[in-house]
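A structural walkthrough
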Amino acid sequence: MGIRRASVAGNIPAFPALYPYNVSEEVMGATTIGALVGAAIDKMSGDDDSSFDGAINGAVVANVLKIVVPMAITYAVGWAVLRGAGELKAQLFETEDAA
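Reading guide: rules and limits
Residues numbered from 1 in each chain as written. Predicted model: local features only at pLDDT ≥ 70, side-chain atom pairs only at ≥ 80, totals over all residues. Heavy atoms only, no water. Helix = DSSP H or I, 4+ residues; strand = E, 2+ residues; numbered from the N terminus. Contact = heavy atoms within 4.5 Å. Areas by Shrake-Rupley, 256 points an atom, 1.4 Å probe, with all protein chains shown as cover. Buried < 20%, exposed > 50% of the residue type's maximum accessible area, 1.4 Å probe, protein only. pLDDT = per-residue confidence, 0-100. Expected span 1.5 Å × (residues − 1). Patch = residues over 30% accessible without salt bridge, like charges linked within 9 Å, V, L, I, M, F, W, Y side chains within 5 Å. Salt bridge = Lys/Arg side-chain N within 4 Å of Asp/Glu carboxyl O.

1. Examining the overall build of the chain
Along the backbone of the chain there are 2 helices and 2 strands. Going residue by residue from the N terminus, the α and β elements of the chain occur as β-β-α-α. Long-range contacts, defined here as pairs at least 24 residues apart, represent 33% of the contacts in the chain between residues at least 6 apart. For the chain, the exposed surface amounts to about 8800 Å²; the carbon and sulfur share of it is 67%.

Now the structure itself:
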């Protein structure tokens, strides 16, 4: 017999150490990079000695972008599909006006 993988609920593994990829590492990476970029930008302005407020702003912006960018892409693709479907419908069911 092989190793039986147990799950807590659905496809969430009960033993996450057996899997090399952890979702929380990706989330933490984006937040950390956002904080570092925000701190660097705040440090370049030279207004104050600390860059903590820039780090906090960068982390917040990184987390907001993780939500907004996929939503914007989904909206754009959906809009393009609906527009294409409308154009296709107009071409297929084109009627001639009696003048």
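2. As for the environment of Asp 53
Note on placement: Asp 53 falls in helix α2 (residues 52-92). What makes Asp 53 partly exposed here is its relative accessible area of 36%. Residues Asp 53 and Ala 35 lie 18 residues apart in sequence; the distance between their C-alpha atoms is 9.4 Å.

3. Description of the environment of Ala 35
The topology assignment puts Ala 35 in helix α1 (residues 23-45). In this structure, the C-alpha to C-alpha distance between Ala 35 and Ala 55, residues 20 residues apart in sequence, is 4.1 Å. With residues near it in sequence (within four places) discarded, Ala 35 still touches Ala 55, Gly 58 and Ala 59.

4. What to know about the confidence of the model for the chain
Averaged over all residues, the pLDDT of the chain equals 76, while 65% of them reach at least 70. Averaged over each element, pLDDT in the chain is lowest for strand β1 (residues 7-9) (51) and highest for α2 (90).

5. Focus: α2
For α2, built from 41 residues, the straight-helix expectation of 60 Å at 1.5 Å per residue is met to within 8% by its first-to-last C-alpha distance of 60 Å. When α2 is considered as a whole, its buried residues turn out to be Gly 54, Ala 55, Gly 58, Ala 59 and Ala 62.

6. Observations concerning a nonpolar patch on the surface
Among the surface-exposed residues, Ile 56, Val 60, Val 64, Ile 67, Val 68 and Met 71 lie close enough to one another that they form a single nonpolar patch of about 570 Å² accessible area. Relative to the elements of secondary structure, Ile 56 occurs in helix α2. Taking relative accessible area as the criterion, Ile 56 reaches 55% and is therefore assigned exposed.

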